[in-house]
Amino acid sequence: MDVDTRLLRYFVAVAEEGTLTRAAERLFVSQPALTKQIKQLETRLGMRLFTRSRTGMTLTEPGRALAERVPALLADWDRMLRETRSAAGRAARTLRVGSMASAANERTPHIVAEFTRRRPGWRVDMRQASWGDPSAGLAAGDVDVAILRLPFPGQDSLRTAVLFSEPRWVALPEGHPCAASEVIPFRELWDEPFVAAPRASGRWRDYWLATDDREGHPVRIGAVTDQPDDWLSAIAHGYGIALAPASAARFYARPGITYRPVSGVGPSRVGVAWARADDTDPVVQDFVRCCLENGPRPEETIA
């Protein structure tokens, strides 16, 4: 019997998290979709893997037996797949680099230029990810290295190095009452509807909603988007406001939208991330060094 590895990953997430809600957030999928996949796996295997209750999901005896074996199986598969993809990239002399919108900004061309200078004949394949995948394809092994915004789900299982930080501002419809303010205290925005990333992006979404800076005040969601154009449209049409890196005022300037500094929230950090298995990969490490050497130090802040 063949079983999709995706079903096994879903199984492991539920087994480790103990609830469908937390597992769905970890996997970037909806809870109904996850429930359907678990039922599909149980049907294929012909046995119940979990006992469901109001408090969560408890492994059955067959479920515990499977849970003991599957993580090692998936780790071997991931390592094989990553090595195969990397080998294909090395054969083509191509480094796959994931990125989030407006991550390294003006520094990206300098980073790429320095890498190709160090590695003549190599090409950097830049792949921009949606906000629904804050790891920019790195967690799935679709890229070799990524330039992205910290923090992001799954960060603890990867290597990261901070490149620089910049203040978080707020993007407002230009007719908003706060649009003329020089600096807006975040507390004044607590009751505003916000444009949010998909719920499955977990703590990345929470960070850009600044949930830790609201003293328990609930967040109002006016719209959910996972692409910059949709995000801009939602703000311009008055569906909500949104926190954004200060550099968004340059990269995402648009009629109908005003960007203003915000007090009471910390800065946004930009980092480079790679798989732990690539600590000794000379090509990946060359790119990491290019990132670290082309920009301010982590303690410096970009206005």
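Predicted model only: the values in this text are computed from it and were never measured.

(A) Highlighting the overall build of the protein. Check the secondary structure of the protein and you find nine helices and 13 strands. Against the 2.2 N^0.38 benchmark of 19 Å for 303 residues, the protein shows a C-alpha radius of gyration of 21 Å, consistent with a compact globule. When the backbone C-alpha atoms are referred to their principal axes, the protein occupies close to 65 × 55 × 30 Å. Residue burial in the protein is summarised as follows: out of 303 residues, 47% are buried. Taking as baseline every contact in the protein between residues at least 6 positions apart, the subset at least 24 positions apart corresponds to 75%. For the protein, the exposed surface amounts to about 14,800 Å²; the carbon and sulfur share of it is 51%. Computed over 40 positive and 38 negative side-chain charges, the separation of the two mean positions in the protein equals 3 Å.

(B) Structural view of the packing of aromatic side chains. All chains considered together, the criterion is met by seven aromatic pairs. Measuring from ring centre to ring centre gives 6.4 Å for Trp131 and Trp204, while their planes differ by 40 degrees; the resulting arrangement is tilted. Of the two residues, Trp131 sits in the loop between β4 (123–128) and β5 (145–150) while Trp204 sits in helix α6 (residues 203–208), which places them 73 residues apart along the sequence. Take Trp131 and Trp204: they sit in the same class, and that class is buried. Linked through ring pairs, Trp131, Trp204, Tyr207, Trp208 and Trp231 together constitute an aromatic cluster.

(C) Region of the structure containing the side chain of Glu166. With respect to the element layout, Glu166 can be found in strand β6 (residues 158–166). A polar side-chain atom of Glu166 sits 2.8 Å from a polar atom in the side chain of Arg149.

(D) Molecular detail of unusual backbone geometry. With omega at 0 degrees, the peptide bond leading from Leu150 into Pro151 counts as cis. Within the fold, Pro151 resides in the loop between β5 and β6. For Ala210, which is not glycine, the phi dihedral falls at a positive 50 degrees. Assignment of secondary structure puts Ala210 in the loop between α6 and β10 (220–224). In this structure Ala210 comes out as buried when scored by relative accessible area, which is 2%. A positive phi angle, near 50 degrees, is found at Glu215, a position not held by glycine. On the secondary structure map, Glu215 appears in the loop between α6 and β10.

(E) Examining the sheet that holds β4 more closely. Read from one edge to the other, the open sheet built from five strands follows the order β4-β3-β5-β13-β6, with strand pairing classed as mixed. Each edge of the open sheet carries a strand with a single partner, namely β4 and β6. On average, adjacent strands in this sheet sit at an angle of 25 degrees to one another, irrespective of strand direction. Bridge analysis of β6 against strand β13 (residues 268–275) gives eight bridges, and the strand direction is antiparallel. Counted as the bridge partner of Thr160 is Ala273 from β13. With respect to the sheet, helix α9 (residues 282–293) is in contact with β3 (94–99), β5, β6 and β13, its orientation differing from that of β13 by roughly 165 degrees.

(F) Main features of the nonpolar core. Leu148, Val170, Phe186, Leu189, Trp231, Leu243 and Tyr259 are the most contacted members of the largest nonpolar core, which totals 44 residues. Among the elements of the structure, β5, β7 (168–173), β9 (193–196), α6, α7 (228–236), β11 (242–245) and β12 (257–263) are those that each provide at least two residues to this core. Residues contacting Leu243, with those up to four places away along its chain left out, are Arg168, Trp169, Val170, Phe186, Phe194, Trp208, Leu209, Ala210, Trp231 and Val262.

(G) Structural context of empty space enclosed by the protein. Using the criterion set out here, one finds two cavities of 30 Å³ or more in the structure. Of the volumes computed, that of the largest cavity is approximately 270 Å³. The wall of the largest cavity is formed by 19 residues, among which Trp131, Trp204, Trp208, Trp231 and Leu243 lie closest to the centre. Taken together, the elements giving at least two residues each to the lining of the largest cavity come down to β9, α6 and β11.

(H) Geometry of the sheet that holds β11. With mixed pairing, the four strands of this open sheet are ordered in space as β8-β12-β7-β11. Strands with a single pairing partner mark the edges of an open sheet, and in this sheet they are β8 (184–185) and β11. In this sheet, β11 lies alongside β7 in antiparallel orientation, the contact comprising four bridges. Paired with Val170 across the bridge in β11 is Leu243. Where α7 meets the sheet, it contacts β7, β11 and β12, and its direction lies at approximately 90 degrees from that of β12.

(I) A look at the pairing of β5. Buried residues dominate β5, accounting for six of its six residues. Strand direction decides the pairing type here: β3 and β5, joined by three bridges, are parallel. Within β5, the position partnered with Val97 by the bridge is Val145.

Rules and cut-offs
- Residues numbered from 1 in each chain as written.
- Predicted model: local features only at pLDDT ≥ 70, side-chain atom pairs only at ≥ 80, totals over all residues.
- Heavy atoms only, no water.
- Helix = DSSP H or I, 4+ residues; strand = E, 2+ residues; numbered from the N terminus.
- Rg over C-alpha atoms; globule rule 2.2 N^0.38 Å.
- Buried < 20%, exposed > 50% of the residue type's maximum accessible area, 1.4 Å probe, protein only.
- Contact = heavy atoms within 4.5 Å.
- Areas by Shrake-Rupley, 256 points an atom, 1.4 Å probe, with all protein chains shown as cover.
- Lys, Arg positive; Asp, Glu negative; His and termini not counted.
- Charge placed at Lys NZ, Arg CZ, Asp CG, Glu CD.
- Phe/Tyr/Trp six-rings, centres within 6.5 Å; stacked < 30°, edge-to-face > 60°.
- Polar contact = N/O pair within 3.5 Å; in protein donor to acceptor, adjacent residues only side chain to side chain.
- Pairing = 2+ DSSP bridges.
- Axes fitted to C-alpha atoms, helices over the stretch in contact; angles between N-to-C directions.
- Core = buried A, V, L, I, M, F, W, Y, C linked by side-chain atoms within 4.5 Å.
- 1 Å grid on protein atoms, 1.4 Å probe; cavity = no way out; pocket = protein on both sides within 12 Å on 5 of 7 lines; lining within 4 Å.
- Points joined across faces, edges and corners; volume = space filled by probe spheres on them.

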